[in-house]
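Results of the structural survey
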Amino acid sequence: MSEGTASLPWIVIRQDDNGNRYRVGRYATQAEAQKIADSFEDGGHKQLYMVERLAQNGDGGRG
């Protein structure tokens with residue numbers, strides 16, 4: 001696991017209407033990432049936002 005992955009293991013993912021997924025940002029804690037995801041949803045964005053933990057190999061997903 002790289003140093004960046006260890007210190008910022010939580011990511012916010014945006015999923016559009018076509019099912020395409022994009023990383024919005026990386027965060028140190030789940031609470032911080034959730035706060036960002038919630039702020040996008042509360043701001044009227046129509047896409048789906050979710051929080052996931054990076055896998056140990058650095059790929060998105062639960063791990």
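How each quantity is defined
- Residues numbered from 1 in each chain as written.
- Predicted model: local features only at pLDDT ≥ 70, side-chain atom pairs only at ≥ 80, totals over all residues.
- Heavy atoms only, no water.
- Helix = DSSP H or I, 4+ residues; strand = E, 2+ residues; numbered from the N terminus.
- Buried < 20%, exposed > 50% of the residue type's maximum accessible area, 1.4 Å probe, protein only.
- Contact = heavy atoms within 4.5 Å.
- Areas by Shrake-Rupley, 256 points an atom, 1.4 Å probe, with all protein chains shown as cover.
- Core = buried A, V, L, I, M, F, W, Y, C linked by side-chain atoms within 4.5 Å.
- Salt bridge = Lys/Arg side-chain N within 4 Å of Asp/Glu carboxyl O.
- Lys, Arg positive; Asp, Glu negative; His and termini not counted.
- Polar contact = N/O pair within 3.5 Å; in protein donor to acceptor, adjacent residues only side chain to side chain.
- Pairing = 2+ DSSP bridges.
- Axes fitted to C-alpha atoms, helices over the stretch in contact; angles between N-to-C directions.

Quick look at the overall build of the protein chain
For the protein chain, the helix and strand inventory stands at two helices and three strands. Per-residue burial for the protein chain yields a buried fraction of 30% across its 63 residues. Contacts spanning at least 24 positions in sequence make up 42% of the contacts within the protein chain whose residues lie at least 6 apart. Taken as a whole, the protein chain presents about 4200 Å² of accessible surface, with 44% of it coming from carbon and sulfur.

What about the nonpolar core?
In this structure, Trp10, Val12, Tyr27, Ala33, Ala37, Tyr49 and Val51 together form the largest nonpolar core, which totals seven residues. Looking at this core, the elements that each hand over two or more residues are strand E1 (10-15), helix H2 (30-42) and strand E3 (48-53). Look past the residues within four positions of Ala33 in its chain and what remains in contact with it is Trp10, Val12, Tyr27 and Val51.

Re the pattern of salt bridges
Per the stated rule, a full pass over the model turns up one salt bridge. Between Glu52 and Arg21 there is a salt bridge; the shortest N-O distance is 2.8 Å. Placement of the pair is Glu52 in strand E3 and Arg21 in strand E2 (residues 21-27), with a sequence separation of 31 residues. Arg21 gets classed as partly exposed once you look at its relative accessible area, which sits at 41%.

Focus: the side chain of Asp16
On the secondary structure map, Asp16 appears in the loop between E1 and E2. It turns out Asp16 is buried and unbridged, and the closest side chain with the opposite charge, Arg14, is 5.4 Å from it. Within the local environment of Asp16, its side chain forms a polar contact with the backbone nitrogen of Asn18, the two atoms lying 2.9 Å apart. Beyond its immediate stretch of four places on either side in the chain, Asp16 contacts Tyr22 and Gln47.

Points about the sheet that holds E2
The strand order across the open sheet formed by three strands is E2-E1-E3, and the pairing between neighbours is antiparallel. Looking at strand neighbours, the two that pair on one side only are E2 and E3, the edges of this open sheet. The mean angle between the axes of side-by-side strands here comes to 25 degrees, regardless of whether they run parallel or antiparallel. Here E1 runs beside E3; their pairing, made up of six bridges, is antiparallel. Looking at the pairing, Gln15 lines up with Leu48 of E3. Here H2 sits on the sheet in contact with E1, E2 and E3, set at roughly 170 degrees to E3.

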